[in-house]
Amino acid sequence: MNRTEELQKLRERARALEHRLVSLNKRMEQIQNRRPGPCRYRAVVDFEQCIACGKCEKICPQGAITVNETANVNPQLCIGCGLCVDKCPQGALSLVLTQNAESTTRPFRTMRRLRRAI
Ligand code: SF4
Ligand code: SF4
C-alpha cells in the first residue's frame, strides 16, 4: 500500500469513527435526559433480514440480545435505548411501542456498560 492509499484509508476510518462517536454521544444524552418512568419501547428483530452478525449483541448495554441463528431480544431486559437499531447493518431491528412496558430499574448498569462499549 502506498502513502496516498494509506492516507485515504485512514481518512475513511476517521470519518466512520467520528460518525459513530456522534451517534453514541447522542444516545448517551438521550439516556441521561430520560425522564423517570416506564420506557414504552422495546426492540424487535425481523428474522428475515438478520444475518446473525452479532453487532447488536455486542452493543446492547443491557445484555438483552443473544445471537444464534438470528438475533433474539429478551423483552424483560430491553430498555428501548435503540443502540442496536442504529448498529444493525441490515435494518433488521426496530423499536416498537409496548402496552405493558415495565419500568427500567438499571440506569447505572446501562451507563457503565455503554461507556465500556465506546
Ligand atoms: S446487528 Fe442486525 S443483522 Fe446483525 S445479528 Fe443483530 S439483528 Fe442480526
Ligand atoms: S433497544 Fe437497547 S436495550 Fe433494547 S435490545 Fe436494543 S440495545 Fe439492547
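Below, the structure is looked at part by part. What you see is a predicted model, and the numbers here were worked out from it, not measured in a lab.

What to know about the environment of Cys-88
And step 1. Its location among the elements puts Cys-88 in the loop between α3 (83–87) and β4 (93–97).
And step 2. In sequence terms Cys-88 and Glu-57 are 31 residues apart; their C-alpha atoms lie 9.9 Å from each other.
And step 3. Beyond its immediate stretch of four places on either side in the chain, Cys-88 contacts Lys-55, Cys-56 and Leu-93.

Here we look at the site of ligand 1
And step 1. The environment of ligand 1 is formed by 15 residues, the closest being Cys-50, Cys-53, Cys-56, Ala-71 and Cys-88.
And step 2. For the shell around ligand 1, the per-class residue count stands at 11 nonpolar, two polar and two charged.

Describing unusual backbone geometry
And step 1. Residue Ala-52 is not a glycine yet carries a positive backbone phi of 60°.
And step 2. Structurally, the position occupied by Ala-52 is in the loop between β1 (41–45) and α2 (55–59).
And step 3. On the basis of neighbour count, Ala-52 is assigned to the partly exposed category, with 14 C-beta atoms found within 10 Å.

Reading the values: rules and limits
- Residues numbered from 1 in each chain as written.
- Chains lettered and ligands numbered in written order.
- Predicted model: local features only at pLDDT ≥ 70, side-chain atom pairs only at ≥ 80, totals over all residues.
- Helix = DSSP H or I, 4+ residues; strand = E, 2+ residues; numbered from the N terminus.
- Contact = placed C-beta atoms within 7 Å.
- Near = placed C-beta within 6 Å.
- Nonpolar A, V, L, I, M, F, W, Y, C, P; charged D, E, K, R; others polar.
- Buried ≥ 20, exposed ≤ 12 C-beta atoms within 10 Å, placed from the backbone.

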